[in-house]
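Tertiary structure, described
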Amino acid sequence: MTTRRRPPATAALACLLLATTASSFAPPSSTSTTRPPARPSTRRRLAPLPTDAIESSSRALAFLSDFNDSLLAVDQSSAERLAGPFFGASLFPYLGFLFFLDVPENEAPKGVTVGFATCLLFVFLTIPAAIGAKVWYDVSLADSDWLHGSAESLLTITNLVTVVAFRQALGYKEREMQDANVPVPESVVSYDPMVKLVVILTALAGVTALVPAFSGAEVHTPYLNGFMDLPANLPWTPSHPQPENALTIACWIIHVTSLVEFLVAMGFCWRWADVVNNPRWKGLTWGLLPLHSSGITACTYHLFYNSIPVLVPLQALLTCVGNTTAMFAAYRIAVSNGWSVPWGRVPFLDVGGEGSEDEGRREDSQSLVGFEDLGDALAEDNDYTFIVKLFAGCAVASYVVKYGEVWFDFPFQSELGIALAFIFVPSLLNAFKWYKRSQDPTFEGWF
């Protein structure tokens, strides 16, 4: 019987060391590794959206998309039919605005009343221009530059006369506080000076329309023969060529100047409240806000080369609303100055008497807040240099708009959302600025 020999102790020890070394390089066994217990997750899981909510959102987005498409589908004729009733209805509150503004108790500068009343001249003379564009060329007034520019120049005249008259009256009132012997400007107590100015400027505007009319002007004949436009053969090629109905520089200057002049007039209303110690005049600044938005809408319409006709009834609606709010503001001014209502008390139109909690509080801001403060910034200029600087600044802006937009795609894509942003973002910023200033007279503005 053979007996198996045991390995020597040294051999057994070597085998043990070899096995231990090999196991240290082997991957850990899942059964032999002990892991700490998993910690509960603190991340909150979002509950899935209900199917009804998803479907409602989808329907809402589809409705908005269809609504946007339906607005863009409005053609020029339909847009003008929609705008007509609003433009017509806006005449009556504007007449009320002029009536309340000119009541004797207000002691409003006579030249300012003439300026605002000149808007009626613009309204009534624009009608034959629009008829001519339709009859002669079968286009809207905005698509015939020479007719369009001649008609819109009357609005620039309106705002210019208002600003000049207001400027003269403010200068007189502020100098009177320091020296009681300051002579009163004639435009403060008489209609005549500004009426004569309106007649002269309207005659010049008539010449700009009659000369091309008797010279065989075509539909896209440029206003003032395009004498301020840059040459067509420029050394650079823009992303898009300008369409035939693009406004000339002269026509753009008219539009931009009208907007800026109107802002200046709003700023003058605010200052007038301080110099006559009646805060109700600041309400007129608020009342004019929708009218300024109406002007922005017209410029936006031209920025998109008149390709979004639905902006026309929007402009008409803003005009109607603005004339109504301006009338109400002028009514409040009249009542606060002691004017008695002939038809008796109207409860929902009741306003307090003269003065308010912030009456007499006047803290002037010395910095330029916005376009409406150009009257302050150029207070040392006479009327002529003031007008020249005003038009020069607007001319620069007009060149930027006309020759800058051709490098972008959006003016050629008829995007309604972008167009509305161009209208309401500046309008809301403007309103917010006046709100901040009404809360804090030292507010210097951020825009």
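Look up: the structure comes first, before these words.
The following refers to the structure shown. A quick note: this is a predicted structure, and the numbers were derived from the prediction, not measured. (Residues numbered from 1 in each chain as written. Predicted model: local features only at pLDDT ≥ 70, side-chain atom pairs only at ≥ 80, totals over all residues. Heavy atoms only, no water.)

What about the layout of surface pockets?
Over the atoms rolls a probe the size of a water molecule, and its path tells where empty space is left. Note the following rule: Points on a 1 Å grid over protein atoms alone make up a cavity when a 1.4 Å probe fits among them but cannot get out, and a pocket when they form an open set with protein on both sides within 12 Å along at least five of seven lines; lining residues each have an atom within 4 Å of a point. Grid points are joined across faces, edges and corners, and a volume is the space filled by probe spheres set on the points. In this description a helix means any DSSP run of H or I spanning at least four residues, a strand means any run of E spanning at least two, and both kinds are numbered starting from the N terminus. Nonpolar residues are Ala, Val, Leu, Ile, Met, Phe, Trp, Tyr, Cys and Pro. Charged residues are Asp, Glu, Lys and Arg, and all others, Gly as well, are polar.
Estimated volume of the largest pocket: approximately 1,400 Å³. If you go around the largest pocket, you meet 45 residues; those closest to its centre are Phe87, Phe122, Thr126, Glu152 and Gln315. Among the elements that make up the lining of the largest pocket, the one with the highest residue count is helix 4 (residues 110-137) (11 residues). Its residues assigned to classes, the lining of the largest pocket comprises 24 nonpolar, 18 polar and 3 charged.

Here's the deal with empty space enclosed by the protein
Taken as a whole and judged by the stated rule, the model has 1 cavity of 30 Å³ or more. Considered as a void within the structure, the largest cavity measures approximately 30 Å³ in volume. Looking at the largest cavity, the residues that line it are Gln242, Ala246, Leu247, Trp252, His302, Tyr305, Lys402 and Glu405. For the lining of the largest cavity, the class distribution of residues is 4 nonpolar, 2 polar and 2 charged.

Quick notes on helix 7 (residues 192-213)
Which entries qualify depends on this criterion: Multiplying one less than the number of residues by 1.5 Å gives the expected span of a helix. We call a residue buried when its accessible area falls under 20% of the maximum for its residue type, exposed when it is over 50%, and partly exposed in between, using a 1.4 Å probe and counting protein chains only. Each C-beta atom gives one direction from the helix axis, and the arc is the one those directions make. Here, residues are in contact when the closest pair of their heavy atoms is within 4.5 Å.
The end-to-end C-alpha separation of helix 7 is 31 Å, in line with the 32 Å expected for 22 residues at 1.5 Å each. Residues Met194, Val198, Leu201, Thr202, Ala205, Thr208 and Pro212 constitute the buried set of helix 7. Along the long axis of helix 7, the arc covered by the buried residues comes to 105°, so they all point the same way. In this structure, helix 7 carries Lys196, Val199 and Ile200 as exposed residues pointing more than 90 degrees from its buried face. Considering only its buried residues, helix 7 is in contact with helix 4, helix 5 (145-176) and helix 6 (186-189).

Thoughts on helix 12 (residues 383-404)
For an α-helix the count is 3.6 residues per turn, leaving residues at separations of three or four pointing the same way. Cut-off, in case you're wondering: N or O atoms within 3.5 Å of each other form a polar contact, as long as, within protein, one can give a hydrogen and the other can take it, and as long as residues adjacent in sequence are counted only when both atoms are side-chain atoms.
In this model helix 12 runs 31 Å from its N-terminal to its C-terminal C-alpha over 22 residues, within 8% of the 32 Å that 1.5 Å per residue would give. Taken together, the buried positions of helix 12 are occupied by Phe386, Leu390, Cys394, Ala395, Ser398, Lys402 and Tyr403. Where helix 12 begins, one side-chain oxygen reaches toward the backbone nitrogen of tyrosine 384, 3.0 Å away; that side chain belongs to asparagine 382.

Overview of the side chain of serine 153
Among the secondary structure elements, serine 153 is positioned in helix 5. In this view, serine 153 contacts Ala205, Tyr223 and Ile254; residues no more than four positions away in its chain are not counted.

Observations regarding the side chain of threonine 257
With respect to the element layout, threonine 257 can be found in helix 8 (residues 249-275). Residues within four places of threonine 257 in sequence aside, it is in contact with Thr156, Phe391 and Cys394.

Some remarks on unusual backbone geometry
In this structure, asparagine 225 is a non-glycine residue whose phi angle is positive, near 60°. With respect to the secondary-structure elements, asparagine 225 resides in the loop between helix 7 and helix 8. Note on asparagine 225: relative accessible area 65%, which makes it exposed. Look at asparagine 306: it is not a glycine, yet its phi comes out positive at around 60°. Following the sequence through the fold, asparagine 306 ends up in the loop between helix 9 (280-303) and helix 10 (311-336).

Focus: the pattern of salt bridges
Rules: We define a salt bridge as a contact between a side-chain nitrogen of Lys or Arg and a carboxyl oxygen of Asp or Glu at a distance within 4 Å.
Scanning all chains against the criterion turns up 5 salt bridges. One salt bridge in this structure joins aspartate 102 and lysine 110, with 4.0 Å as the shortest N-O distance. Aspartate 383 is the partner of arginine 167 in a salt bridge, and the nearest nitrogen-oxygen pair spans 2.8 Å. Highlighted residues: arginine 167 in helix 5 and aspartate 383 in helix 12, separated in sequence by 216 residues. In this structure arginine 167 comes out as buried when scored by relative accessible area, which is 11%. Overall, the relative accessible area of 22% leaves aspartate 383 in the partly exposed class.

Observations concerning a nonpolar patch on the surface
Rule in force here: Patches draw on residues past 30% relative accessible area with no salt bridge. Two like charges within 9 Å are joined, as are two nonpolar side chains (Val, Leu, Ile, Met, Phe, Trp, Tyr) within 5 Å. Each accessible area is a Shrake-Rupley result for a 1.4 Å probe, and residues are judged covered by the shown protein chains and nothing else.
The grouping of Val123, Phe124, Ile127, Ile131, Val135 and Trp136 at the surface amounts to a nonpolar patch, some 610 Å² of accessible area in total. Mapped onto the elements, valine 135 comes out in helix 4.

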